Amino acid sequence: MFEEAPWGGEATAELEVPGPRAEASPSGGRPPPSPAARRRLLATLRRLQSSAPRPPSPPSPGRGSSASDSEAEQPPERKRPRKGPQAGSPPGAPQSQQQQRLPARKEEPAPRADKAAGGGDPEPSSKQRSAGAKDPEEEPRQRLTRRQWKNRQKNKRRQNRFKAGLGLEEPPVASAAAEEPPAVPAAAEEPPSSQEDPAGQELLSERAASLRLRMEERLESARFRFINQQLYTSSSQQAVQLFQDDPEALAVYHRGFARQVAQWPENPVQRFVRYLRQRPASLVVADFGCGDCMLARSVRNKVHCFDLVALDPRVIVCDMAQVPLDDESVDVAVFCLALMGTNLQEILEEANRVLRVGGTLLVAEVASRFPDVRAFVAALARLGFRLLRKDVTGSHFFTFELRKAEAAKRKGRGEGALPGLALRPCLYKRR
């Protein structure tokens, strides 16, 4: 651009066509240009800069391509004008200092202009747009800040803990292939047959047998409660007809009765066994409602056993109001939990008939059946029995020992019933 004169001569500046800068002379160094040459040179540089296209600024160091993409997608911010000398500054200012202070101007790239000029990816065709292809510039990808990402991860952890508490948590899926369940061999899918697993078959059979046993026990208990209620709420004649129609009913009743006796603190029949063992063995005993004949099997006395159904060969089946014995033929009459039915007066009159004068009447009943003990004893006195002793201190049973003073005057059936003889029915609750 400059023609240099010999050393010490005057240098003349001549404007040349813009091109590569001339190399320095091998002699080394050059004289400083004059102020007018500087001004012309700066004016020429400004014209070249204004006419040349502005290249896109390179990405800043330390940031990846994702940051540059996000900056390209965002609209360019409006920058405030810089203070200091610019292209329109007066020529009097020192141009060298202005040029040195001017920072490199950062310009935002224009992606649409580059694409229109032929650079970058071509625009999608109308066929692609109709097929549903989305332009990445039209729908920019939403990027999360670090705080939003942390909040999303925290919500996911909370949901996993909630599902784990309900037992609904699924194992994390590493890939699409992991979503598919692992292949299970056909042999493992089918349950083992009974022939291959005899222990399992035996366990199932034991459970079935246990369940069946429990159901049978519940059914028999319900039947026992029904029969017991019928015996206490019907007359002795109706009870006889009940067991004639169903011979197995008494066996069911006595099995249920035995389960109830096992829960009592004492069986009252044992009191009468101890009483008779202290008396002469020559005494004849009549056991009304003997059941399984425990009294006859426990003493040496002769015992006449009466009941509605024979559970033992010694039992005589009959109505308790009409026993097959002669008048005044026994010394002791026993009613151990046998004052059932609604015709108690007829049953006690029959006991008075078969007892000798001075004979003993032994009665044991559930304590809750007596609404008034004095009224019961007074009614027995009117039937010819005098009270010798009683035990009403027990929590479960009351016992009475009476003596026959005179023969009772027999009355017609259902006539002149004594109110004191009416006892409450003994009904068992469902357990």
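Residues numbered from 1 in each chain as written. Predicted model: local features only at pLDDT ≥ 70, side-chain atom pairs only at ≥ 80, totals over all residues. Heavy atoms only, no water.

Caption draft 1: Summary view of the pairing of strand S3 (residues 284-288). By the criterion of burial, S3 is predominantly enclosed, with five of the five residues buried. The alternating pattern of S3 places Val284, Ala286 and Phe288 on one face and Val285 and Asp287 on the opposite face, and all of these are buried. Relative to strand S4 (residues 302-307), S3 is paired through five bridges, and the arrangement is parallel. Counterpart to Ala286 in the pairing with S4 is His304. (Buried < 20%, exposed > 50% of the residue type's maximum accessible area, 1.4 Å probe, protein only. Helix = DSSP H or I, 4+ residues; strand = E, 2+ residues; numbered from the N terminus. Pairing = 2+ DSSP bridges.)

Caption draft 2: Focus on the state of the cysteines. Applying the stated rule across the entire model yields zero disulfides. Free of any disulfide, Cys293 has its nearest neighbouring cysteine sulfur in Cys305, separated by 3.8 Å. On the basis of relative accessible area, Cys305 is assigned to the buried category, the value being 1%. (Disulfide = S-S within 2.5 Å.)

Caption draft 3: Spatial organisation of a positive patch on the surface. A cluster of basic side chains, namely Lys154, Arg157, Arg158 and Arg161, defines a positive patch on the protein surface. In this structure, Lys154 sits in helix H6 (residues 146-166). The exposure class of Lys154 is partly exposed, given its relative accessible area of 37%. (Patch = residues over 30% accessible without salt bridge, like charges linked within 9 Å, V, L, I, M, F, W, Y side chains within 5 Å. Areas by Shrake-Rupley, 256 points an atom, 1.4 Å probe, with all protein chains shown as cover. Salt bridge = Lys/Arg side-chain N within 4 Å of Asp/Glu carboxyl O. Lys, Arg positive; Asp, Glu negative; His and termini not counted. Charge placed at Lys NZ, Arg CZ, Asp CG, Glu CD.)

Caption draft 4: Representation of the pattern of salt bridges within the structure. Taken as a whole and assessed by the stated rule, the structure comprises 14 salt bridges. Across the pair Glu220 and Arg255 runs a salt bridge, and its minimum N-O distance is 2.5 Å. You can see Glu220 sitting in helix H9 (residues 198-233) and its partner Arg255 sitting in helix H11 (residues 248-261), a full 35 residues away along the chain. For Arg255, a relative accessible area of 43% corresponds to the partly exposed category. The residue Glu266 makes a salt bridge to Arg271 at a minimum N-O spacing of 3.6 Å. Among the residues examined, Glu266 registers a relative accessible area of 29% and is labelled partly exposed. Salt bridges sharing partners connect three or more residues here, namely Glu266, Arg271, Arg274 and Asp391.

Caption draft 5: Inspection of the nonpolar core at higher detail. Leu231, Phe243, Leu295 and Val334 are the most contacted members of the largest nonpolar core, which totals 39 residues. Those elements giving two or more residues to this core turn out to be H9, helix H10 (236-245), H11, helix H12 (269-277), helix H13 (294-298), S4, strand S6 (330-336) and strand S7 (355-366). Core analysis: the second largest hydrophobic core is formed by 37 residues, Val330, Leu344, Val377 and Phe398 among them. (Core = buried A, V, L, I, M, F, W, Y, C linked by side-chain atoms within 4.5 Å.)

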